[in-house]
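# Observations on the three-dimensional arrangement
What follows is the residue order along each chain.
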Amino acid sequence: MRRQEKEAEKAALDATPQVEHPRQITIKKGTHFDSDVDVKDVPEVPSRGSSWNISRPAGGRFLDHDPVFSLGEKYLFLATKRGVHVYSTADSLLVRTLFANPNDTVTSYALSSTNPNHIYVAHSAGDIILWDWTSGGEVLTIPSKWAIRAVTIAKVHRTEYDTIFTIESEKTKNGVRDHIVARHVLWKAAKTTEMSLYRWKRDDPLLFLKVLDGGNVIFAASAKELVVGSDGHHHGDSDDELDPIKFKERYTWREQPSTVDITCLDAEARPRHTDQDVKRSDKLGQMKYNLVYGDAQGSTYIYEDILHKMEQREQNKKLEKSLKPRVDRWHREAVSTVKWSLDSNYVISGGKETVLVLLQLETGKRQNLPHLTSAILSLTVSPKGTSYAVHLADNSVMVLSTSELQPKTNIPGIQSLFTSTTPSLLPQVPTITSLCQVSDDPVDAFGRTPAVNNPHNPNHLLLAVPASQDNSVDINSPAPAPFLQTFDAFTGRHVTRQALSRNLAITANIGPDLTKLKEPNVTHIQISANGQWLSTVEEWTPPAADVDFTVYTKDKVVSEQKRRLETYLKFWRWDQESDQWVLETRVDLPHQSPNNPVANRVFDLVAHPRLTAFATTGQDGVVRLWTPKTRLGDGTVIRGAKGEGAISWRCSHSIELENIPAVGDAGLDFPAVPAPTKAKLAYSNDGSILVATQESSKAYEAGLVHFFDAATGTLKYSEPAMYLGGLIDIGFLGRYFIILSDDLRVWDVVTNKLIYGFKLRIPHKLTPMQKTAMSYLALNVSSNTFAIAVPKTNAGTADMLWGPEDLFSTVTIFNPARPDPIISYDTASPLTALVSLTGTSGFVVLDASAEYRILSPKNSTMSLSSTVNGEPLQIEAVKEEEDIQMEEDDDDAVPGAERGDDEDMVDLMNDEKRVVRPEQLAGIFDNGPSFALPPVHEIFKSVVGLYGKKATA
Amino acid sequence: MDVHRCRFVPYPGSAINALAFSASTDEELAKKGGYANLKLAVGRENGDIEIWSPLKGVWTQETIFRGGRGRSVEGLAWTQESDTDHEGKVIPGQLRLYSIGYSSTVTEWDLATGLPIARRPGGNHSEVWCLTAQPRWGNKHFKSKDSKPRDGEWKGQNLVAGCADGTLVLLSTADNDLLFSKFITRPTGQKARALSVSYKDRDIVVAGFANSCFRVFDTRTSAIIRTVSLGAAPKGGPRNLLVWTVKCLPNGDIVTGDSAGEVRFFDGQQYSQTQRMKGHDADVLDIGCNADGSKVFTAGMDCKTVLFTRPKKGRWTKVSHKRTHEHDIKALASFEGDHLSVLASGGVDTNLTVQPIRDYWEAHPHIMSTLPQLPQTASAPSARLILSYWNQEISLHRMKRQSAKAVDEKGGSLVARIGLHGDENITSATISPTGNFIIAATAAEVRFFQLSRRTNDADGSLKIRKIEVDEPVDSVRQLHLSPDGKWLALITHTNNVELLRLVVDDEKARVRVIPKRVPLNRITRTRAEDDRRHKVTGLRAYSRTVSRIQFSPDSKVLVAGDLSGHIDSWILEGHEDLTAPEVDESVRSDDSDDEDDKDNEDETIVILGQHWTSNPSTHLLPQLSSAPILLTFRPPTPSVKPKSEPNGNPAVHPTRHNRHPIAHDTPQGLYHLIVLTAQHQLYEFDLLQGKLTEWSKINDSRNLPEKFTQIKDRAMGCEWHTKGESTRLWLYGSTWLFMFDLSQNFPERPQEDEGSKRKRDDDNRGVNKRQKAMPVGLAPQTKKVVNGHIVKQEKENHALPYLNGTSGENDEEGDSGDEDFDLGGRLRGRELAVQQTKRSKNDPLLWWHTRIYRSILGMVTLGSRPECLETVIIERPIQDLALPPRYMAAHERPKN
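First, a word on what this report is: a plain description of the structure on this page.

The rules we used
Residues numbered from 1 in each chain as written. Chains lettered and ligands numbered in written order. Predicted model: local features only at pLDDT ≥ 70, side-chain atom pairs only at ≥ 80, totals over all residues. Heavy atoms only, no water. Helix = DSSP H or I, 4+ residues; strand = E, 2+ residues; numbered from the N terminus. Contact = heavy atoms within 4.5 Å. Areas by Shrake-Rupley, 256 points an atom, 1.4 Å probe, with all protein chains shown as cover. Disulfide = S-S within 2.5 Å. Buried < 20%, exposed > 50% of the residue type's maximum accessible area, 1.4 Å probe, protein only. Pairing = 2+ DSSP bridges. Buried area = accessible area lost by both parts, 1.4 Å probe. Salt bridge = Lys/Arg side-chain N within 4 Å of Asp/Glu carboxyl O. Polar contact = N/O pair within 3.5 Å; in protein donor to acceptor, adjacent residues only side chain to side chain. 1 Å grid on protein atoms, 1.4 Å probe; cavity = no way out; pocket = protein on both sides within 12 Å on 5 of 7 lines; lining within 4 Å. Points joined across faces, edges and corners; volume = space filled by probe spheres on them. Nonpolar A, V, L, I, M, F, W, Y, C, P; charged D, E, K, R; others polar.

## Comments concerning the overall build of chain A
Scanning chain A from N- to C-terminus turns up 14 helices and 60 strands. In chain A, of all internal contacts separated by at least 6 residues, the share reaching a separation of at least 24 is 54%. When the accessible surface of chain A is totalled, it reaches about 42,300 Å², and 52% of it is carbon and sulfur.

Structure, rendered in structure tokens:
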């Protein structure tokens, strides 16, 4: 094996075309400058006749919206802004996507109350589209004047059709005014009647809407205030419910300010049960309405029978003014979702601290499901109450069984860095972490997602992803990424996820002084040519508050943080059996400068294109080559668990790059040793040449590039002034050496000539850090193309003030030999990753809204799979008979105990997977000492009986 | 003012183990006595029992019944004798207080003397663990439901005590005695301690035991009605649940709290469990409920007070919890009436916390410091010594002189510690102004100690020598030494004021006590006066307890105030004549003028030519609306030169007719007594004239600054400082320090007429926003919209300040009291008000205050010079208390 590799290496070296006669290194200042380099603007791409394909966007974040179950709980509806996705709960697979209009985005959706196959989807532009989700056909489009924020469907008593209740925003001169709007969907007349029930006169938007009891009671709330609309006449007998004016006049509205910031809300209607209540029910109404809401501080407030209490308080002045909530303080951070259980015995709440809490109201007992690794965003109780759908901030949705809280379904989306360009409407409490945020510039929120394509399985993207991304937390720095997500870009499906670094999955995520703990951030990922080895670089800095005490003046905090930076270079082996990457070697502080304690970052990590080897460079100005070595102990090979030789990685060569001259007075005892601010590496395609270049804040020698023999690590020659400054990335494509810096230059290294160069016109307002973070270079060897992506702002706002929402990226694909771009494409939001697909000829473009597209030549066989593209799969017509049956039961005026029994029946019929509780098993096996156990066949019978019969879950 | 902030005085707090209100509802308060009958007894671990008065929502520590070493108070109970009909008036029955400790006896306390009544109730049972009193006759909630009142049934209240071996003992309080009546249950084989006991009605008691059960007994037949088991304890702990507390609600339902932190509700008829709730993370230690039993409060080791409520005939729900303590909460007590609704709680963190029951959601708890309201500190300014005392111990610290050189040095050092023999706690201790002797009193005796500097001791520590007294003095409640160090005033437990003369031998600076006690007569107040002024209470002689005593700066006038608001004063006649016989007793008053003065019929004791007599103007002083908590004399203004005193009594010689001549030279000068009452009303009396001074007439208490009137912690003491024209009074309470310049007049605050009195209360609440908590959750106000029209809500004019508790009845009483003091008519006119508004910036400061000091144990002076008043503020913050480790919940981290 080793010999083969060596031979291959030798062959590769022999085949090296370019460095036959190493030139004498003569560094003349200003050898290649603008005078002899033709750097122009990037020419326009002829839009027609492009030979490249741009796929539809795929991936995307799930909306912060409660997931919706189909009535039989077989399907789960989740929406990204591009459309509503129908997932099967049985196998967690995508069944169908109901795409929105390309220019429109989905804001809210709700299942029809009369036809379980229909779903209403509201869009930001204002349309509500009624889909038949079983067939995937549009049924009806209901236009609206205003943008719709939330939609709820109810069947008003004594009607046979859906009534859509929405929150809509009217844009007025005084700002946005919200309305609560109701529409009757009249099938027979094929029209809708629209009426604004209530106009909200305040600036803070209405965020929550809950319609109960056939539209008799409406709960809505902004972050500061609750609005309750109730049928003042208690079901007027007249039949003119349809009359918009009458319908509007039904409601009595009460605005009730809250002393706390409302972050979530749920309400339910319960029939009054006790005899006493029934006796008084004429006076009280048949239903009581229970409200629960959560606040930004982590408390939940439970109001039972709130409407009656409000009325009572208005009538009786002597009562206490307070409505006497039941307060439950548990969550450490904001409560992001709270729900009543179906039997209203429990209140289920999920907080941003990743804990799901089930509170039994009767006994006050609390059950926690901690360490969900990522903040809970929303939660839905399934229609039968047997499961909860939990939407987490890592862009995944889990369905948990109610009895054991075991996951039954897991639907993760792509978890790459996500930056919302619109601020969150939810209230939040300033925390120490948010107050100490590093930057005020919202553009700093955009970061890079380290990503690489697995050559072993070209469909798979390996992404370093954060544990939790909550766009309602206002911190202008990208979330650290301690996890590795393997994502199939072609089927649009999550494959696996594993931890790459220390993380907070099972530990407390909050420090003793209530600061949010930060995980290490994986900054680089590279995979070896054979796909068997993965190398990662991670960084962790202690928070400023923790080093504060060590410094005398505040301005030294940053350097003190840098001094304590932890950097690890890790090498992972692909373990076929466990299907995951296994850590083999960890190198601490691989690039710690010996004479500058603050200089310890790793700037670049590259993989050898042919061999199993990696190269790194960092702030110490040294290039290190890393190779695997079978571990020896006393001359014998150390065997691993399987008898194979244990491998450890070591630094085979370390090459010092040029010293950067000291700044200031060199005569000082301790002259400031300057450290490079940026450095990049690139292997030639055959792996024979390693190119390194570094840059410092002092432009002492712009564009000095070193060419090394990759095998021996000897310097072949150095070439000055190959670029001007603002280094972003470098790469080889055959004989062409591509440098992306403030401008793009393509050199022919054989002739040492500049082939072409372009100015990139990156907006001036961006800082160098931001430019680097948002610019990308990717090379595709098989199609002999390379792609660059640079940030742009909307044309009209080039030099004016603009916000992060005006930013986007332009991806341009070139052939290195020719200066005309092949294709240029503007993404909707700035990129977080640009990945070349090895083995095929294309690029994956992943942007800050977590959507990706695949750019590929037309002749390529590759395209996104049909599921991702939304081709309708044939699913058997979902006629959920029993559900419709149930629906009819529901029409009966008396909701009683029989209904609950029916539900149980349905549950038993439908439930294919048995849930056997551990205590049931324990009841069979834990019956005493082993000698007292019943005969084996009896135990076997009981176990079979347990799994064979209907579970009593 | 130079302030030394000192925290090195190690005053240990003492945990609250028991709390008991003398009544729990309005109807239990006798109609006549009203709120004056309402007292809260606080039992502490060091054996002290404090009596607090919540009158008008102003929490005043009235007296402390001192305990002793190893006499922890573990339970308290009040009973009240049956009301009697006296000349057509209902006289409320006598209130009686009982306590238990780690012993087999139940102790009754004499409220008037503050001493336990020595009796042994008998009954050979083991240690008493819990105590409860039978509900009062006529309490409608606790009537026996299953039987009619029997003929000749006793209408008093018996006591039931639960013992360590599981016995329940019925003690009879009949005939003003405390006697063992019978065993309700005998010790069982299981040896289960009776941990808690509660009366369900007048005949049925419920007792919680340490073996996971509670039992229901009929006290008439001593039969077990039911044993209810709470089931097994949760795994991982001890096998048995401890039923720490049981409480019977007014409707007969039973609530239990156990060591698993669970609160269970049982039906009062069937004794079946109706609900079981996880109330606390750790043991539940006490349960309280409101008057109608719709709210239940539980408290326990997790420092939380949890509220359970129930709608009418609904289910109980755990509503919310508040964390008002830093450590285990051991006791709860509640009172709910029309004008006051309050839940008091106390525990290991030694603070007494009160919070309103009715406005539970809208008010902050009021946390009262554990430190005594009558400071247990004293100082000897010339020797720069500070004395403080607690339990059986006295410590003396010397404050260093502050200099620019030694700023960093510790300000004080311990120079002496005295531990008294015997078990009794020190009731009072004081030090002479020159620092050469200490006097300490316990319930058993008064001791005198001579202090002297050790020779060749660089530390400056003191040598202590006991001074032998010829005639031992016993049983003293309070000591007060005159500023010249010659007279020692004693308040005996029988509430008499007596004086002792101390003589300092010149040669060795030894102190000698002249073995003759001079009793001073207090004016007997008639019953009619009590009736008129203060309503008849069930407290009897307790209200005559002398709570404060004070000498004038020249030591010639002595005043004493009692809890009923009366002030007595005495003056010293004659001049000191060292040549005169030390003790000269005249049996008969020979002066014809004095014949009608009945007080002087007794013997007059002349000591060194001086004798004390009652101030003839004493009877002119009015009864104050509440007990005086501060008596102090305005210092003489420098302009008034002291009259030169003759040496001895020149014109007094014994003659044949008059063998015991008495000098009648009355003290000269102005004796202006400043009185601050428990309601923080400030008065100034001219003692010799027996009327309000001009200043006091102008400066009505209602004109005191708002910052002062809204203070809830009561004043503890004061210091004077005269500087130029200004006469500054520095007042302090446990959390505040206030300065008034009494040489100036306060600006008049607008006063409302009677009609808007209620509004005034609301205004006070409005201003006092910091005191009022925001309601949690939804705000109280609603905007209602019907058909697009806003429905106007009537402005709500409601909510009595339940905690502040200004009751209508008492309010009027207080106001009428004010009018009584307008002896000279009101001077304040419009002109004065105009003058006040013209105050310019250059005028001296009228008042000033700060709240930076936390939990002030006392403020003592180190001497006053015209330019500077040097004081020491002794702080004792709660975090400095050495508390035992407490229960930590899973999410908590220990602080440091």
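## Regarding the state of the cysteines
All names here are of chain B. On inspection of all chains with the given rule, the structure shows zero disulfides over all chains. Here C130 stays free of any disulfide, with the sulfur of C163 as its closest cysteine sulfur at 7.7 Å. Residue class for C130 comes out buried when judged on its relative accessible area of 7%.

## A word on the pairing of strand β55 (residues 715-723) of chain B
Here is the key point about a regular strand: its side chains alternate between the two faces of the sheet. Residues and elements named next belong to chain B. In terms of burial, β55 is largely enclosed, as seven of its nine residues are buried. As judged from the eight bridges shared by β55 and strand β56 (residues 726-733), these two strands associate in the antiparallel manner. Residue pairing across strands places A715 opposite G733, the latter belonging to β56. Here β55 folds back onto β56, and the loop between the two strands holds two residues, one of which, G724, carries a positive phi near 60°.

## Structural notes on the interface of chain A and chain B
The partner chain B presents 37 residues to the 42 residues of chain A that form the contact. In this assembly, chain A packs against chain B so that about 3,500 Å² is buried in total across both faces, 50% of it on carbon and sulfur atoms. The interface formed by chain A and chain B holds four salt bridges in total. In this structure, B:E262 engages A:K365 in a salt bridge whose closest nitrogen and oxygen atoms are separated by 3.4 Å. At the junction of chain A and chain B, the tally comes to 11 residue pairs in polar contact (both at pLDDT 80 or more). It is strand β19 (residues 251-257) of chain A that contributes the most residues to the side of chain A that touches chain B, seven residues altogether. Pairing of β19(A) with strand β58 (residues 783-786) of chain B involves four bridges; the strand directions are antiparallel. Bridging from a neighbouring strand, A:T252 pairs with B:V786 of β58(B).

## Looking at the environment of A:L504
All names here are of chain A. Take L504: it is sitting in the loop between β35 (493-499) and β36 (521-527). Here L504 falls in the buried class, since its relative accessible area comes to 19%. When neighbours within four sequence positions are excluded, L504 is seen to be in contact with N509, L517 and E519.

## Section: empty space enclosed by the protein
All names here are of chain B. Across all of its chains, the model carries eight cavities of 30 Å³ or more by this definition. Estimates place the volume of the largest cavity at around 320 Å³. Lining the largest cavity are 25 residues, with T63, I64, L374, R477 and Q478 positioned closest to its centre. The greatest single-element share of the lining of the largest cavity, amounting to five residues, is contributed by strand β5 (residues 60-65). For the lining of the largest cavity, the class distribution of residues is 10 nonpolar, 11 polar and four charged.

None of this, on its own, says anything about what the molecule does.
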